[in-house]
Amino acid sequence: MIQVLSVSKRYEDGYYGLRDVTFKVEAGQFVFLTGESGAGKSTVLRMIYRAERPTSGTVLVDGVDTAAAHGNSLTALRRKIGMVFQDYMLLFDRSVAENVALPLIVRGVDKRAAAGQVDSCLERVGLSGYQNRVCCSLSGGEKQRVALARALISKPDIILADEPTGNLDLSNGEKIVEVLRDANRGGSTVFMATHDLYLVQSTRLPFVRLRGGRKVEEGNF
Ligand SMILES: Nc1ncnc2c1ncn2[C@@H]1O[C@H](COP(=O)(O)OP(=O)(O)O)[C@@H](O)[C@H]1O
Ligand SMILES: [Mg+2]
């Protein structure tokens, strides 16, 4: 389903964020992308979402080259994916409910039906009662959970989660992984970036490990 083939990324300043990285994530899997800060995790996820393009190599999602996606094919790619950005990318002056409903509204779901799904999604991420809070007033951990709820609400084929537990304490972080595992059991393929190797080890799920932009390990603990 997701194939990353000999991908390198050279940034404008000449720095290589990724070098010759190859791996795949099969449909229905839950796979971690791990490695220390600066290893290249966010770069990989942004290329799958087509927020960036590789300098060389290819990223395929269901056989479609993400770098070539534009117009309708880019919309189709993005609609397959629920993305939790490391920096949340919320509409900070809007309410929690408006942010979480957004993927449904752009798909033409009416507001009342969307509101019901927002309520259940917020409950899943532990934010019941947060509907009318304005996002800019929330803590980092709360924003992170709003971003997760927004990624889950459309029941996407693929969930890309970039450090979704990065601002949470251990027990809330474990709860978020449990929410993602539920989504995975419900049929979504999950690819989650985390620097937290202990978290990866504790779940025993498959992982790909990067260091300095290179893949250094993959497998299961
Ligand atoms: N726009 C950019 N320009 C230059 N270097 C970048 C840019 N984005 C990321 N990098 C560099 O690429 C490397 C990988 O970054 P990133 O993918 O964000 O790592 P991670 O998510 O694993 O912490 C880092 O050294 C980072 O500084
Ligand atoms: Mg990152």
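## Focus: the packing of aromatic side chains
- For the structure shown, the criterion picks out three aromatic pairs.
- Residues phenylalanine 30 and phenylalanine 32 carry aromatic rings whose centres are separated by 5.2 Å and whose planes lie at 50° to one another, so their mutual orientation is tilted.
- What makes phenylalanine 32 buried here is its relative accessible area of 0%.
- Relative to phenylalanine 85, the ring of tyrosine 49 has its centre 5.5 Å away and its plane inclined at 90°; by these criteria the two rings are edge-to-face. Placement of the pair is tyrosine 49 in the loop between helix H1 (41-48) and strand E4 (56-61) and phenylalanine 85 in the loop between strand E6 (81-84) and helix H3 (96-105), with a sequence separation of 36 residues. Each of the two residues, tyrosine 49 as well as phenylalanine 85, counts as buried.
- Above the face of the tyrosine 16 ring, arginine 19 is positioned so that its terminal group lies 4.1 Å from the ring centre.

## Considerations on the pattern of salt bridges
- Evaluated as defined, the whole model comprises ten salt bridges.
- The salt bridge involving glutamate 52 is made with lysine 9; its shortest N-O contact spans 3.9 Å. Taken together, the positions of glutamate 52 in the loop between H1 and E4 and lysine 9 in strand E1 (residues 2-10) put the pair 43 residues apart, joining distant regions of the chain.
- On the basis of relative accessible area, glutamate 52 is assigned to the buried category, the value being 14%.
- Residue classification places lysine 9 among the buried positions, given a relative accessible area of 12%.

## What about the environment of leucine 170?
- Positionally, leucine 170 belongs in helix H6 (residues 170-185).
- When its relative accessible area of 62% is taken as the criterion, leucine 170 is described as exposed.
- With 29 residues separating them in the primary sequence, leucine 170 and leucine 199 have C-alpha atoms 9.1 Å apart.

## Structural notes on the site of ligand 1
- Within the structure, ligand 1 sits among 13 residues, and Gly38, Gly40, Lys41, Ser42 and Thr43 are positioned closest to it.
- Backbone polar atom of glycine 38 to an oxygen atom of ligand 1: 2.7 Å apart, as the coordinates give it.
- A distance of 2.8 Å separates an oxygen atom of ligand 1 from a polar side-chain atom of lysine 41.
- Its free accessible area being 550 Å², ligand 1 has 67% of it covered by the protein chains.
- Counting residues per element, the shell around ligand 1 draws most heavily on H1, which supplies four residues.

## A look at the coordination of the magnesium ion (ligand 2)
- Only Ser42 (OG) and Gln86 (OE1) from the protein coordinate the magnesium ion (ligand 2), and they sit 2.1 to 2.2 Å from it. Linking serine 42 in helix H1 with glutamine 86 in the loop between E6 and H3, this pair joins segments that are 44 residues apart in sequence.
- The exposure class assigned to serine 42 is buried, which follows from its relative accessible area of 15%.

## Observations concerning the packing of H3 against helix H4 (residues 111-124)
- The contact between H3 and H4 brings their axes to 9 Å, and the two run at 120°. Between H3 and H4, the interaxial angle falls into the category oblique. Relative to H4, H3 is oriented so that their crossing is right-handed. On the side of H3, the interface is formed by Val96, Ala97, Val100, Ala101, Leu104 and Ile105, while H4 contributes Lys111, Ala114, Gln117, Val118, Cys121 and Leu122.

## A word on the sheet that holds strand E2 (residues 16-25)
- Spatially, E2-E1-E4-E5 is the arrangement adopted by the four strands of the open sheet, whose pairing is antiparallel. Only two strands of the sheet have a single partner each, and these edge strands are E2 and strand E5 (64-65).
- Where E1 lies against E4, five bridges are found, and the strand directions are antiparallel. Bridge pairing in E4 places glutamine 3 opposite leucine 60.

## So, the side chain of serine 95
- Structurally, serine 95 can be placed in the loop between E6 and H3.
- By relative accessible area, which is 12% here, serine 95 ends up buried.
- Residues contacting serine 95, with those up to four places away along its chain left out, are Gln131, Asn132, Arg133, Val134 and Cys135.

## With respect to the pairing of strand E9 (residues 207-211)
- Relative to E9, strand E3 (residues 30-34) is paired through three bridges, and the arrangement is parallel. In the strand pairing of E9, threonine 34 is matched with arginine 209.
- Pairing of E9 with strand E10 (residues 214-219), which is carried by five bridges, proceeds in the antiparallel orientation. Each bridged residue has a counterpart across the sheet, and for arginine 209 the counterpart in E10 is glutamate 217.

Calculation criteria
- Residues numbered from 1 in each chain as written.
- Chains lettered and ligands numbered in written order.
- Predicted model: local features only at pLDDT ≥ 70, side-chain atom pairs only at ≥ 80, totals over all residues.
- Heavy atoms only, no water.
- Phe/Tyr/Trp six-rings, centres within 6.5 Å; stacked < 30°, edge-to-face > 60°.
- Buried < 20%, exposed > 50% of the residue type's maximum accessible area, 1.4 Å probe, protein only.
- Helix = DSSP H or I, 4+ residues; strand = E, 2+ residues; numbered from the N terminus.
- Lys NZ or Arg CZ within 6 Å of the ring centre and 35° of its normal.
- Salt bridge = Lys/Arg side-chain N within 4 Å of Asp/Glu carboxyl O.
- Near = heavy atom within 4 Å.
- Polar contact = N/O pair within 3.5 Å; in protein donor to acceptor, adjacent residues only side chain to side chain.
- Areas by Shrake-Rupley, 256 points an atom, 1.4 Å probe, with all protein chains shown as cover.
- Donors = N, O, S within 2.8 Å, 3.2 Å for Na, K, Ca; no water.
- Axes fitted to C-alpha atoms, helices over the stretch in contact; angles between N-to-C directions.
- Parallel < 35°, antiparallel > 145°, perpendicular 65-115°, else oblique.
- Left-handed = near helix turned anticlockwise from the far one by under 90°.
- Contact = heavy atoms within 4.5 Å.
- Pairing = 2+ DSSP bridges.

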